[in-house]
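Here is how the chains run, residue by residue.
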Amino acid sequence: MAITGLIMVGFLLMHMYGNLKVFLGADAFNHYAHWLKGDILYPLVPSGTFIWIFRVFLLVAIVAHIWSAAVLTGRAHSARSSKYAVTKRLSQTYAARTMRWGGVILAGFLVFHLLQFTAQVVTTGFRAGSEPYDMVIASFSQWWVTLAYLVWVAIVCLHVRHGVWSALTTLGANTSAKARSFLNGLAWVIAIVLFVGFMIMPLAVQFGWVK
Ligand code: HEM
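The structure presented is a predicted model; accordingly, all values stated were derived computationally and were not measured.

A. Geometry of the overall build of the protein chain. Tallying secondary structure elements over the protein chain gives eight helices and zero strands in all. Listed by position from the N terminus, the elements making up the protein chain come as α-α-α-α-α-α-α-α. Burial statistics for the protein chain: of 211 residues in total, 34% are counted as buried. The long-range share in the protein chain, meaning contacts at least 24 apart out of those at least 6 apart in sequence, stands at 66%. Looking at the protein chain as shown, the accessible area adds up to about 13,200 Å², and 71% of this sits on carbon and sulfur atoms.

B. Quick look at the coordination of the iron atom of the ligand. Coordination of the iron atom of the ligand by the protein comes from His 15 (NE2) and His 113 (NE2), over a distance range of 2.0 Å. Coordination at the iron atom of the ligand is octahedral: its six donor atoms span angles of 87 to 180° at the metal. Residue His 15 is found in helix α1 (residues 2-19), and its partner His 113 is found in helix α5 (residues 99-118); the two are separated by 98 residues along the sequence. We classify His 15 as partly exposed; its relative accessible area is 25%.

C. Examining the site of the ligand more closely. Taken together, 20 residues sit near the ligand, with His 15, Asn 19, Lys 37, Arg 55 and His 113 positioned nearest. Between Arg 55 and the ligand, the recorded distance is 2.7 Å, taken from a side-chain N or O atom to an oxygen atom. Secondary structure elements with two or more residues in the shell around the ligand: α1, α3 (50-78), α5, α6 (132-140), α7 (143-170) and α8 (177-206). For the shell around the ligand, the element with the highest residue contribution is α5, accounting for five residues. The class makeup of the residues in the shell around the ligand is 14 nonpolar, four polar and two charged.

D. View of the nonpolar core. Ranked by internal contacts, the top residues of the largest apolar core, which has 35 residues, are Val 22, Phe 140, Tyr 149, Val 160, Val 164, Leu 194 and Val 210. Contacts of Val 210, omitting those with residues within four sequence positions, involve Val 22, Phe 23, Tyr 133, Ile 137, Ala 204 and Val 205.

E. Structural detail: the environment of Asp 134. The residue Asp 134 is located in helix α6 in this model. In this structure the C-alpha to C-alpha distance between Asp 134 and Val 63, which are 71 residues apart in sequence, comes to 32 Å.

F. Spotlight on the environment of Met 199. Following the sequence through the fold, Met 199 ends up in helix α8. Exposure remark for Met 199: the relative accessible area of 2% places this residue in the buried category. Linking Met 199 and Val 153, residues 46 residues apart in sequence, is a C-alpha distance of 7.5 Å. Among all residues touching Met 199, those that are not within four sequence positions of it are Thr 146, Tyr 149, Leu 150 and Val 153.

G. Summary view of unusual backbone geometry. In this structure, the amide linkage connecting Tyr 42 to the following residue, Pro 43, adopts the cis form with an omega of 15°. Mapped onto the fold, Pro 43 is located in the loop between α2 (26-37) and α3. Here the phi dihedral of Leu 41 falls at roughly 65°; this positive angle occurs in a residue that is not glycine. By the secondary structure assignment, Leu 41 is in the loop between α2 and α3. In the Ramachandran plot, Gln 120 falls in the positive-phi region, its phi being about 55° despite a non-glycine side chain.

Cut-offs used in this document
- Residues numbered from 1 in each chain as written.
- Predicted model: local features only at pLDDT ≥ 70, side-chain atom pairs only at ≥ 80, totals over all residues.
- Heavy atoms only, no water.
- Helix = DSSP H or I, 4+ residues; strand = E, 2+ residues; numbered from the N terminus.
- Buried < 20%, exposed > 50% of the residue type's maximum accessible area, 1.4 Å probe, protein only.
- Contact = heavy atoms within 4.5 Å.
- Areas by Shrake-Rupley, 256 points an atom, 1.4 Å probe, with all protein chains shown as cover.
- Donors = N, O, S within 2.8 Å, 3.2 Å for Na, K, Ca; no water.
- Tetrahedral: all angles 85-135°; square planar, octahedral: opposite > 155°, others 65-115°.
- Near = heavy atom within 4 Å.
- Polar contact = N/O pair within 3.5 Å; in protein donor to acceptor, adjacent residues only side chain to side chain.
- Nonpolar A, V, L, I, M, F, W, Y, C, P; charged D, E, K, R; others polar.
- Core = buried A, V, L, I, M, F, W, Y, C linked by side-chain atoms within 4.5 Å.

In C-alpha cells, the structure reads:
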C-alpha cells in the first residue's frame, strides 16, 4: 500500500508540473503532450512505446494499491467481531477517517477523467481528436467541469495528506516526536502543492486569464 501510494504521488507531482505548461501557450503544451506519447526513450525503445510501458506500470500500481486496501479493510473487520463501545473519534483526522470512501470516490472520478481526456469518449465542449490545449481550454471554460475538478482534486489531496504520512510511517520513518512533526509537515506541503498546482490552471481558464 505504502510503496504503490508513493509511486502515485510521484506521478501526480509530474502530472501537475506538466499541466502547468499550459501557461507557456498552446505550442508548448501541445508539444509536451505529443512528446509524452512519442519519443521518450527513443531510440532505446521504438517511438510511442514508452507511454505504454508507463501506463502498464501505473495500472499495476493502481490495482496493487486497491487490492492492498481491500485486504487491509478485510483484516481490520475480522480483527474485531464486536462493535466499539465508544464510537467518538478522539484523535483521527478527517483525512484519515475518509481514506476508504475517499479512495473509492477518487477512483470513480479518475475513470471519468480518463474517459474525458485520454479516451476522449466523454467530450466536455471539445471534439474528439482536438489538440490537447484546445481540449483543456474548452473543458475548463465550463463552470461545472472546473467545479467537478475542484471537488475531485480536493478529495485527491486529502487522500494524499494522510497517505504520505501513513506510507512513510509504514516504511519506518516515524521514529520520534521530531520525525512525526516533520512527516506531518511534509504531508501537508505535498498536498497543498498538488492542490494549488493542479487547480491554478483550470481556474485561470475559467476566469479567462488563459484562452
Ligand atoms: C486539474 C487537474 C488535472 C488536469 C487538468 C489533468 C489533465 C489531464 C490531461 C489533459 C490528460 C491527457 C493527456 C493526453 O492524453 O494528452 C490527463 C491524463 C491523465 N491524468 Fe490527469 N489531469 C488532472 C488531474 C489528475 C489527477 C488528480 C489524476 C490522478 C488522481 C490524474 C491522472 C491522469 C492519468 C492516469 C492520465 C492518463 C495518462 C496516460 O494517458 O497515460 N489527473 N490528465
